[in-house]
Amino acid sequence: EKEKWYQTEYTNQQIDRDLIKKWEQVGLNPALRLPDANTYIPKESEGDFDILPPGDIVEKYSIDVTPNDRKFKVWWYQDTIFNQPKVSFHCYLFPKAPSHDRDSYIKTDMLSKIYNLESSSALYPATVVGYSTNIYYSSQWVPMVYGYSKPDAVEKIIPKVVNILLKHKFDKDKAFFENTVISPIKLSYENIKNWPATTVAMVYARKLVNDWTVDDSSLANDVSRITQNDIKDFRDKLLKDVSGSCSVVGNVDKKQAQKYVKILEDAITDAGFTLSTENRLSEMYNKVRKLKQGKTLVLRRLAESPTEPNSAAIMAYQIGNSNSNGDRELKDKPMYTRKVLSSLLGLALREPCFNYLRTKKQLGYVVHCYVDEEQQISNFVVVVQGSREDAGPDVMAKEINTFITDQWNSKKEKSTDCDSALIPLL
């Protein structure tokens, strides 16, 4: 038969009486039950929201409290200002740096993908009650836990966060691995051809500075050949020798901070990896290439798509170390003069830069002019992106340089204190 409104088919028949009796006598299914109690939920009745009294050492900044028998550095700071029942555990793990080649680049991406997949289920009970957990990948791996300062909960979370990485067996079903890891990463590489020109330029420049010469757009074909065993071997090789530096901040005393780092160290050694005391903190930072006065480094890259109509030019003018005045015009000025003037330069040139490049010259629909700081080096940065056929990156770069020269000449002719102060930077 069919019902009136949606013509859905159904059957109307008499149910056997014996079958009804069986249904009436069915017992409870042990698989159907309430979920386990969430042990990460803090409880006011158990003192989980109590603020620790100030300890013997109350400092304005974090201090080194590394015990003599530990490998990893422990930086600790007990908050006595905001008085929140929260703790932030941040640990930089430095494995032996991988080779900067295609193989390592892809496997790092895949390892990150696998971690995110596994952590979403393994850490779910913790994250739903306010603990944010993550591991960042680059030249260092950063296990991070942030949430309520409930010691029992924090002590449970730290090994869980890293064991997803350390003890993963890489034995998933082949189809599952293909659909959840291989395909998404392959698609992300293939999608690079659709990136805006400015994004391509920035990513490419950063890779070159950090000695990564991998071309993302050509990686898609290489992804499919990598197996789970390949990624496992890659992880094991990287973690063969690990150094670390940890920061524990918030509603936490010195002994707790030291204990949390010991829990992390023990998790690493229990998984069969080795701890190192080698100082690798310099690997945390992107590299900065110092250019000689008057010299220019030019990086060029074609668009990935032959139909891409846009061009982009990113010009970064190195001003100098923001914590030093240098040895020229500003050397006798008060400390941080160059840092302050760099910020002022960004504000002073932002509007005229936009007006000249965007409004007057109409070089592009995207124009940004600003000062940023990379590894304590101040840079005046100009970004232009547009699709004019007669205004490619060479024309953009030429006009940007013209703008800088005009600003220098203009400020030399003016007599205001502000203009005179900015001349050394230009």
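Residues numbered from 1 in each chain as written. Predicted model: local features only at pLDDT ≥ 70, side-chain atom pairs only at ≥ 80, totals over all residues. Heavy atoms only, no water.

Q: Hey, could you run me through empty space enclosed by the protein in this one?
A: Summary: where empty space remains is shown by rolling a probe the size of a single water molecule over the atoms. Tallying each qualifying case throughout the model produces four cavities of 30 Å³ or more. Taken together, Ile114, Leu117, Glu118, His168, Lys172, Phe176, Phe177, Thr180, Val181 and Gln228 form the lining of the second largest cavity. When residues of the lining of the second largest cavity are traced back to their parent elements, those giving at least two are helix H2 (102-122) and helix H5 (174-190). Sorting elements by how many residues they give to the lining of the second largest cavity places H5 first, with four residues. Classifying every residue of the lining of the second largest cavity by side-chain character gives five nonpolar, three polar and two charged. (1 Å grid on protein atoms, 1.4 Å probe; cavity = no way out; pocket = protein on both sides within 12 Å on 5 of 7 lines; lining within 4 Å. Points joined across faces, edges and corners; volume = space filled by probe spheres on them. Helix = DSSP H or I, 4+ residues; strand = E, 2+ residues; numbered from the N terminus. Nonpolar A, V, L, I, M, F, W, Y, C, P; charged D, E, K, R; others polar.)

Q: Any chance you could explain a nonpolar patch on the surface here in plain terms?
A: Nonpolar side chains collect at one region of the surface, where Ile15, Leu19 and Trp23 lie side by side and expose about 290 Å² of accessible area between them. One can find leucine 19 in helix H1 (residues 17-24). Given the relative accessible area of 36%, leucine 19 is considered partly exposed. (Patch = residues over 30% accessible without salt bridge, like charges linked within 9 Å, V, L, I, M, F, W, Y side chains within 5 Å. Areas by Shrake-Rupley, 256 points an atom, 1.4 Å probe, with all protein chains shown as cover. Salt bridge = Lys/Arg side-chain N within 4 Å of Asp/Glu carboxyl O. Buried < 20%, exposed > 50% of the residue type's maximum accessible area, 1.4 Å probe, protein only.)

Q: Looking at this structure, I do not really get the state of the cysteines. What am I missing?
A: Two cysteines, two sulfur atoms, one covalent bond between them: this is a disulfide. Counted by the stated rule, this structure contains two disulfides. Shown here is the disulfide that connects cysteine 91 with cysteine 246, its sulfur atoms set 2.0 Å apart. Taken together, the residues cysteine 91 in strand E3 (residues 86-95) and cysteine 246 in strand E6 (residues 242-250) connect sequence positions 155 residues apart. Under the relative-accessibility criterion, cysteine 246 is labelled buried at 1%. Residue cysteine 353 pairs covalently with cysteine 369 via a disulfide, S to S 1.9 Å. Note on the cysteine 353 and cysteine 369 pair: the S-S dihedral is about -70°, so by sign convention the disulfide is left-handed. Of this pair, cysteine 353 sits in helix H10 (residues 337-360) while cysteine 369 sits in strand E9 (residues 366-374); the two residues are 16 residues apart in sequence, bridging distant segments of the chain. There is no split in this pair, since cysteine 353 and cysteine 369 are both buried. Taken N- to C-terminal, the disulfide-bonded cysteines of the chain are connected 1-2, 3-4. (Disulfide = S-S within 2.5 Å.)

Q: I tried to follow the sheet that holds E9 on my own but got confused; where do I start?
A: For sheets, the rule is that strands pair by backbone hydrogen bonds, running either parallel or antiparallel. As summarised here, the arrangement of the three strands in space is E8-E10-E9, forming an open sheet in which the pairing is antiparallel. Of all the strands in the sheet, just strand E8 (311-321) and E9 have a single pairing partner and so form its edges. The sheet shows a mean angle of 15° between the axes of neighbouring strands, taken without regard to direction. The strands touched by H10 within the sheet are E8, E9 and strand E10 (377-386), with E9 carrying the most contacts at an inclination of about 170°. (Pairing = 2+ DSSP bridges. Axes fitted to C-alpha atoms, helices over the stretch in contact; angles between N-to-C directions. Contact = heavy atoms within 4.5 Å.)

Q: Can you walk me through the packing of aromatic side chains in this structure?
A: The relative placement of two aromatic rings is captured by the distance of their centres and the angle of their planes. Counting across every chain of the model gives five aromatic pairs. Judged by centre distance (6.4 Å) and plane angle (15°), the rings of tyrosine 92 and phenylalanine 94 are stacked. On the basis of relative accessibility, which here comes to 24%, the residue tyrosine 92 falls in the partly exposed class. A relative accessible area of 1% means that phenylalanine 94 is categorised as buried. On the numbers, 6.4 Å between centres and 80° between planes, the contact of tyrosine 131 with tyrosine 148 is edge-to-face. Linking tyrosine 131 in the loop between helix H3 (124-127) and strand E4 (132-137) with tyrosine 148 in strand E5 (residues 141-148), this pair joins segments that are 17 residues apart in sequence. Aromatic ring contacts, followed pair by pair, group Tyr40, Phe49, Tyr131 and Tyr148 into a single cluster. Lysine 86 extends its terminal NZ or CZ atom over the ring of tyrosine 148, reaching a point 4.9 Å from the ring centre. (Phe/Tyr/Trp six-rings, centres within 6.5 Å; stacked < 30°, edge-to-face > 60°. Lys NZ or Arg CZ within 6 Å of the ring centre and 35° of its normal.)

Q: Explain the pairing of E10 here, please?
A: For a regular strand, side-chain orientation follows a simple rule: the groups alternate between the two sheet faces. Most of E10 sits inside the fold, with 10 of its 10 residues counted as buried. Of the two faces of E10, both are covered, the one formed by Ile377, Asn379, Val381, Val383 and Gln385 as well as the one formed by Ser378, Phe380, Val382, Val384 and Gly386. Taken together, the 10 bridges between E8 and E10 define a ladder with antiparallel strand orientation. Following the sheet pairing, glycine 320 is matched in E10 by serine 378. The pairing of E9 with E10 spans nine bridges and is antiparallel. Paired with histidine 368 across the bridge in E10 is valine 383. Hairpin connection of E9 to E10: two residues between the antiparallel strands, including glutamine 375 at a positive phi of 50°.

Q: For this particular structure, what's the right way to read the nonpolar core?
A: It is characteristic of soluble globular proteins that their nonpolar side chains tend to be buried jointly. Residues Phe72, Phe89, Met110, Tyr131, Trp141, Tyr189 and Leu264 are the most contacted members of the largest nonpolar core, which totals 60 residues. With nine residues, helix H4 (residues 151-166) is the largest single contributor of residues to this core. (Core = buried A, V, L, I, M, F, W, Y, C linked by side-chain atoms within 4.5 Å.)

Q: Any chance you could explain H4 here in plain terms?
A: Three- or four-residue spacings in an α-helix give side chains the same orientation, since the helix completes a turn every 3.6 residues. Across its 16 residues, H4 extends 23 Å between first and last C-alpha, which sits within 8% of the 22 Å expected from 1.5 Å per residue. All of the buried residues in H4 are Ala153, Val154, Ile157, Ile158, Val161, Val162, Ile164, Leu165 and Leu166. (Expected span 1.5 Å × (residues − 1).)

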